[in-house]
Structures are given as structure tokens and as C-alpha cells.
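In case you want the letters, here they are:
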Amino acid sequence: MGATDVLSRKVGVIYGEDVQKLFKYAQEKKFAIPAINVTSSSTAIAALEAARDAKAPIILQLSQGGAAYFCGKGVANGKQEASIAGAIAGAHFIRAVAPAYGIPVVLHTDHCAKKLLPWLDGMLDEDEKHFKATGEPLYSSHMIDLSEEEVQFNIDTTAKYLTRMAPMKQWLEMEIGITGGEEDGVNNEDVDNNSLYTQPEDIYNIYAALSKISPFFSIAAGFGNVHGVYKPGNVKLHPELLSKHQKFVQEKTGSKEEKPVFLVFHGGSGSSKEEYLEAISYGVVKVNMDTDMQYAYLTGIRDYVLGKKDYLTSQVGNPDGADKPNKKFYDPRVWVREGEKTMSTRIAEALKDFNCANQL
Ligand SMILES: O=C(CO)COP(=O)(O)O
Ligand SMILES: O=C[C@H](O)COP(=O)(O)O
Ligand SMILES: [Zn+2]
Ligand SMILES: [Zn+2]
């Protein structure tokens with residue numbers, strides 16, 4: 001028995017009930033799926049390859065900045081046009097290649113603060129077009145992040161978006177309680193400590209409002225988590241708060257489910273295996289990993305360039321001879337590939353840490 005036994009589409013980008021079934025299965029088997037921030041075909045491939053080799057499902061996500069990068073840094077983005085085009089291009093690329101990796105993939109977008117809502121609107125227009133043409137949205141899921149706004153505005157606006165997405169059976173992740181550090185270029189490093197820890201009442205109010213609209217939603221609750229990697233000791237996680245949320249919702253709703261809420265762990269980089277597993281035991285089904293992957297991608301390229309320095313300073317001529325061509329050393333398929341390999345290795349570690357390896 002594995003995750004693919006509960007899925008109707010076992011390979012490629014999944015959506016709708018399949019996403020819900022995958023998350024439910026993950027809760028039951030106590031694992032979480034890594035959500036890897038991808039910004040290019042190369043980083044997407046690193047993630048797909050790691051998941052394929054580990055026989056695991058994977059979530060690929062594009063941030064607003066990552067989507068703009070996918071389109072090209074030289075494209076104007078004043079009205080989110082580059083982020084919309086990049087998100088569409090990235091989705092089509094991932095949809096096209098994912099089946100070749102033989103694993104189920106959840107295709108997702110990350111964060112989206114209030115000022116970036118035109119990005120989400122643009123993507124939803126495309127999801128609806130895709131749904132009309134094929135019966136499924138382009139993206140499996142999106143995130144909306146109004147965690148810096150008033151709670152009621154956050155809930156009401158999130159509910160409005162879920163209402164738009166529900167007919168496509170599209171998943172919506174929302175955030176309550178701020179993730180520290182930086183996201184979408186917004187610096188939350190000095191944010192008041194209390195806003196980093198979500199209260200159970202807020203979780204219940206969100207659950208009550210959203211579950212009336214659609215079952216396809218998850219909550220990124222703050223439990224001290226922070227984007228980025230900092231000096232050891234600077235981040236104090238309290239995963240036990242997540243267990244309080246589950247109990248509170250269970251009591252208030254009289255649900256038979258021990259873990260009625262699908263929870264998301266933001267700022268996964270730099271945490272310990274114990275912290276991941278504790279959070280997973282309270283119903284976290286998705287752990288976001290960006291910063292550690294950025295570093296891992298760099299290390300392969302860095303080590304290659306430093307190690308092959310004498311083969312990379314001119315097109316012709318290296319330690320093997322003054323007339324030797326260096327083409328096979330500076331071909332991007334050689335040195336970019338080294339970054340893919342080290343990023344893939346780091347993802348393999350995450351898949352193991354989250355107990356996600358060998359779950360298909
Ligand atoms: O939460 C994240 C993306 O939304 C990733 O956080 P890290 O960069 O800390 O891994
Ligand atoms: O929110 C955090 C993710 O790491 C995305 O970061 P980004 O906005 O730099 O792409
Ligand atoms: Zn946030
Ligand atoms: Zn995040």
C-alpha cells in the first residue's frame with residue numbers, strides 16, 4: 001500500500017480530490033511533502049529527479065519573484081505581467097515533463113501578499129481558461145497570504161478567493177500569524193514576536209469560514225517559524241502549538257478526525273529533523289524549503305567552477321595543453337548540472353527527514 005493507491009492520477013500534476021487524498025494519506029502515515037521553490041526549468045528538474053529517485057510525491061512552487069524570474073528579469077512587472085506569464089510558463093513546463101518522472105506532483109504558488117493580489121487574479125484567469133478547455137485548473141493550488149492584514153480581512157478575502165476556486169476543485173493555502181524573515185522582498189525580521197505564534201481561536205474561525213465553501217484548503221500557522229537560515233539558537237520553534245489548534249478545532253466542531261486541519265510549515269530551511277517530525281505528528285502535510293535549496297544549488301556550481309578554474313579562464317588552453325579547447329568544461333549543461341545534482345541531494349535528505357521517501 002502506498003500513496004499512489006489512493007490517487008486516481010498516479011503520475012504527473014494532480015489536482016482536486018487527489019490533492020486532498022494525498023494530504024490525508026500523509027497525515028495518516030505521518031509524513032509531509034516537501035514544497036520546493038523553483039525558479040527555472042533546471043531547479044524544477046532537480047526537484048523532480050530527487051522525488052523520482054526517492055519514490056516520493058513532491059510539491060513544486062513558484063513565488064511571485066520566482067515566477068517573474070521564470071519569465072525573465074528583463075521584463076517589466078509593474079502590473080505583475082512578468083509574474084503572471086512566468087507562472088503560466090513554469091506550470092506548462094512542469095505539466096509537460098512531470099509524467100516523464102513517474103511520480104505525482106502538486107503544482108503550487110507561494111505566498112501572495114495583499115499588494116500582489118493582481119498576480120493571483122491573473123493566474124486564476126488562466127486557471128479558469130485551462131479548466132474550461134480541459135476540465136482541470138492549470139495549477140493544483142495557490143497560496144494567499146494576508147497574514148499581515150487584520151484577521152477579519154484575511155478570513156473574508158481568503159473566503160472570497162476560495163469561492164472563486166471551489167468550482168475548479170483547486171486547493172488554497174492561507175497564512176495566519178506571520179512567518180518571520182523575508183518573503184516576496186518584504187522583510188519581517190523585526191516583526192513583533194507575538195504575531196509569529198498563531199492562536200487556536202484564529203485557526204477555528206478560519207476553519208469554520210472556509211470549510212463552508214470547500215474542503216480544499218490548508219493553513220500555514222505561525223509557530224515561530226522564519227524564512228531563511230540564521231545563527232543557531234536565533235529561531236525558537238513551538239510545534240506543540242499546532243497540536244492545540246487541532247484539539248481546539250476538533251472540540252469546537254465535534255469532528256471525529258484527530259487532525260481536522262491540514263497544516264503547512266513555512267520556513268523549513270535550517271530546522272532539525274526532530275522539529276520536522278514533531279510538526280508532522282500534529283498534522284503538517286507540507287514543509288516549504290527554499291533557502292537550503294538555494295544554497296545546495298550553489299554548492300555544486302561553486303565547487304565545479306573553483307575546481308576547474310584553470311579550464312574556465314579562456315576558451316582555448318588549459319593545464320593539459322595550450323591548444324586544448326575548453327568547450328566541454330564551460331557548456332552550461334555541464335556546470336549547471338552540478339548545481340542540479342547538489343540540489344537534488346539536499347531534496348533527497350528532506351524527503352527522508354519528512355518521512356516522505358518510499359511513500360508511493
Ligand atoms: O517558507 C518558504 C517558502 O514559502 C521557504 O522558507 P525557507 O527559505 O526558510 O526554507
Ligand atoms: O517566501 C519565501 C520563499 O522563500 C520565496 O522567496 P522569494 O520571494 O525570494 O522567491
Ligand atoms: Zn507570510
Ligand atoms: Zn513561506
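Structure's up top.
These remarks concern the structure in this document. (Residues numbered from 1 in each chain as written. Chains lettered and ligands numbered in written order. Predicted model: local features only at pLDDT ≥ 70, side-chain atom pairs only at ≥ 80, totals over all residues. Heavy atoms only, no water.)

What follows concerns the site of ligand 1. In the vicinity of ligand 1, 15 residues are found, and the nearest of them are Asp-110, Gly-267, Ser-269, Asp-290 and Thr-291. Looking at the shell around ligand 1 residue by residue, the classes come out as 2 nonpolar, 11 polar and 2 charged. (Near = heavy atom within 4 Å. Nonpolar A, V, L, I, M, F, W, Y, C, P; charged D, E, K, R; others polar.)

It is worth spelling out the pairing of strand 6 (residues 171–176) at this point. Regular strands have side chains that alternate between both faces of the sheet. Judged by how many residues are buried, strand 6 sits mostly within the fold: 6 of 6 residues are covered. Residues Trp-171, Glu-173 and Glu-175 line one face of strand 6 and the alternating positions Leu-172, Met-174 and Ile-176 line the opposite face, and both faces are buried. As defined by bridge partners, strand 5 (residues 141–144) adjoins strand 6 across 4 bridges and the pair is classed as parallel. Bridge pairing in strand 6 places His-142 opposite Leu-172. Considered for its hand, the β-α-β crossover made up of strand 5, helix 7 (residues 151–165) and strand 6 is right-handed. As judged from the 5 bridges shared by strand 6 and strand 9 (residues 217–221), these two strands associate in the parallel manner. Bridge pairing in strand 9 places Leu-172 opposite Phe-217. (Buried < 20%, exposed > 50% of the residue type's maximum accessible area, 1.4 Å probe, protein only. Helix = DSSP H or I, 4+ residues; strand = E, 2+ residues; numbered from the N terminus. Pairing = 2+ DSSP bridges. Right-handed = clockwise from strand over helix to strand, strands pointing away.)

Next up on the list: the coordination of the zinc ion (ligand 3). Around the zinc ion (ligand 3), the protein contributes the donor atoms Asp-145 (OD), Glu-175 (OE), Glu-183 (OE) and Glu-183 (OE), which lie 2.0 to 2.7 Å from the metal centre. Every donor counted, the 4 donor atoms about the zinc ion (ligand 3) form angles of 50 to 168 degrees at the centre, which fits irregular coordination. Of note, the donors binding the zinc ion (ligand 3) are all from one chain and are spaced D-x29-E-x7-E. The metal-metal distance between the zinc ion (ligand 3) and the zinc ion (ligand 4) is 6.0 Å. Both residues of the pair, Glu-175 and Glu-183, belong to the buried class. (Donors = N, O, S within 2.8 Å, 3.2 Å for Na, K, Ca; no water. Tetrahedral: all angles 85-135°; square planar, octahedral: opposite > 155°, others 65-115°.)

A few words now on unusual backbone geometry. Among all residues save glycine, negative phi is the norm, and among peptide bonds the norm is trans. Of note in this structure, Lys-55 is not a glycine but carries a positive phi near 50 degrees. You will see that Gln-80, though not glycine, has its phi angle at about 70 degrees, which is positive. Mapping Gln-80 onto the fold places it in the loop between helix 4 (64–71) and helix 5 (81–101).

As far as function goes, none of this settles anything; it's purely spatial.
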